[in-house]
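Results of the structural survey
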Amino acid sequence: MTDTTHVIVCGTTFGAMHAKAVHDDPSLELVGILAGGSERSKGIASAFGTTLFTSPSTVPEPSENAANIASVALRSSILGGRGNEIATSLMERGYDILLEPPVHANDIAELARCAQKHGRKLAVGNLYRNLPAAQAFARAMRSIATHAEITHLRISASTHVTYYLCGLLADIVPGAAIQVRSTQEEGAFKHVVGTLGRIPCSIDIWNQMDATKPDAYAHLFMRVEAYTQAGTLALSDVTGPVLWNPRMEIIERDASGLPHTHAHAATQTLFVGNEEMSFGDWMSTTWTQAIARDIRELAESPAGNRALAASMQHARNWTALTKAAGYPTSMEEPRNLSITPNVE
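In this report, we go over the structure that sits alongside the text. Since this is a predicted model, take the numbers as computed values, not measurements. (Residues numbered from 1 in each chain as written. Predicted model: local features only at pLDDT ≥ 70, side-chain atom pairs only at ≥ 80, totals over all residues. Heavy atoms only, no water.)

**Quick notes on the pattern of salt bridges**
Under the definition given, this model contains 10 salt bridges. Residue Arg93 pairs with Glu61 through a salt bridge whose shortest N-O separation is 3.3 Å. Taken together, the positions of Arg93 in the loop between helix H3 (83–92) and strand S5 (96–99) and Glu61 in the loop between strand S3 (52–53) and strand S4 (67–72) put the pair 32 residues apart, joining distant regions of the chain. The class of Arg93 is partly exposed, set by a relative accessible area of 22%. Salt-bridge contacts for Glu297 lead to Arg293; the nearest nitrogen and oxygen are separated by 2.9 Å. Separated by four residues within a single helix, Glu297 and Arg293 lie in helix H7 (residues 279–300), roughly one turn from each other. By relative accessible area, which is 30% here, Arg293 ends up partly exposed. (Salt bridge = Lys/Arg side-chain N within 4 Å of Asp/Glu carboxyl O. Helix = DSSP H or I, 4+ residues; strand = E, 2+ residues; numbered from the N terminus. Buried < 20%, exposed > 50% of the residue type's maximum accessible area, 1.4 Å probe, protein only.)

Put into structure tokens, the structure is as follows:
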């Protein structure tokens, strides 16, 4: 591959995060932003010192001396957006494509055919899988799986991130389909019971949203407790921490009747602590670094789109979950409410 990766960012809502990710990564070069031309978009392009384009036809021809990627951070057709259309136009112009989810499995298949026709690479991003806590959780799960079986998964997630959750679950049980057996509404949550492959799981989806500011509030991102024969691994949230609680096993009792357990097994092990920073700082640093990693991985990947089969399974699992949860109910969040509990 070449040493330089030129990136066009499409969109300036979540696209602003993509623009910062590219701007801050020395291996990536932001060569423009494709957006509608509003004053806001003009301001964002100016802030990152790049050119604003308002139509795919005005985007510059790909450079022959660099990898050329369009990072499409626009709503896909399943959400009523133009993401698929823009991605198709830019593949026809010679750009490889990183899609920000959610994207329907059928749309991934259609875009994959376009990519194959034009000899382009296509990937569906998932920044949450690149976050330090999520990566540590996945590595720990792979380690545990060599010694013990997963017996149950207990999961909680916001409706905003169920697509990304499906990608994280694929790191635990690759290729497994979610089968929904029952659903029940419990306050703000929709309680979903089913299986991931052959593993029983329960998934609580926070299924409320403030319609006036749908992306401004999140009571949680995603939490996963993996119960295994040897103990429980917990991802408290994608901000961390990751905790291991081994199974307690009394091996024998001494002459006085006191229990003996495994000497090396601490009652709890902390693998990754929580990131002690504001959400704003976390999103503008850790989040954007995770986005940049998605872009770099696409640039470094070989020709062909073998990973898309897994992305299509993520999309099918997302469809199963969203169908089970139904549309989020509307509620008004309290404004400017931020507290730190006092435990003294």
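**Structural notes on the sheet that holds S3**
Ordered in space as S3-S2-S1-S4-S5-S6, the six strands form an open sheet in which the pairing is parallel. Strand pairing shows two members of the sheet lacking a second neighbour, S3 and strand S6 (122–124), which therefore form its edges. Pairing of strand S1 (residues 5–10) with S4, which is carried by six bridges, proceeds in the parallel orientation. Across the sheet, the residue bridging to Val9 is Ser71, located in S4. Against the sheet, H3 engages S1, strand S2 (28–34), S4 and S5, with an angle of about 165° to S5. (Pairing = 2+ DSSP bridges. Contact = heavy atoms within 4.5 Å. Axes fitted to C-alpha atoms, helices over the stretch in contact; angles between N-to-C directions.)

**Some details on empty space enclosed by the protein**
The tally for this structure, following the rule as stated, stands at one cavity of 30 Å³ or more. Reported here for the largest cavity is a volume of approximately 70 Å³. Taken together, 13 residues form the lining of the largest cavity, with His160, Gln208, Met209, Tyr217 and Glu333 sitting closest to its centre. Considering only residue class, the lining of the largest cavity consists of six nonpolar, four polar and three charged. (1 Å grid on protein atoms, 1.4 Å probe; cavity = no way out; pocket = protein on both sides within 12 Å on 5 of 7 lines; lining within 4 Å. Points joined across faces, edges and corners; volume = space filled by probe spheres on them. Nonpolar A, V, L, I, M, F, W, Y, C, P; charged D, E, K, R; others polar.)

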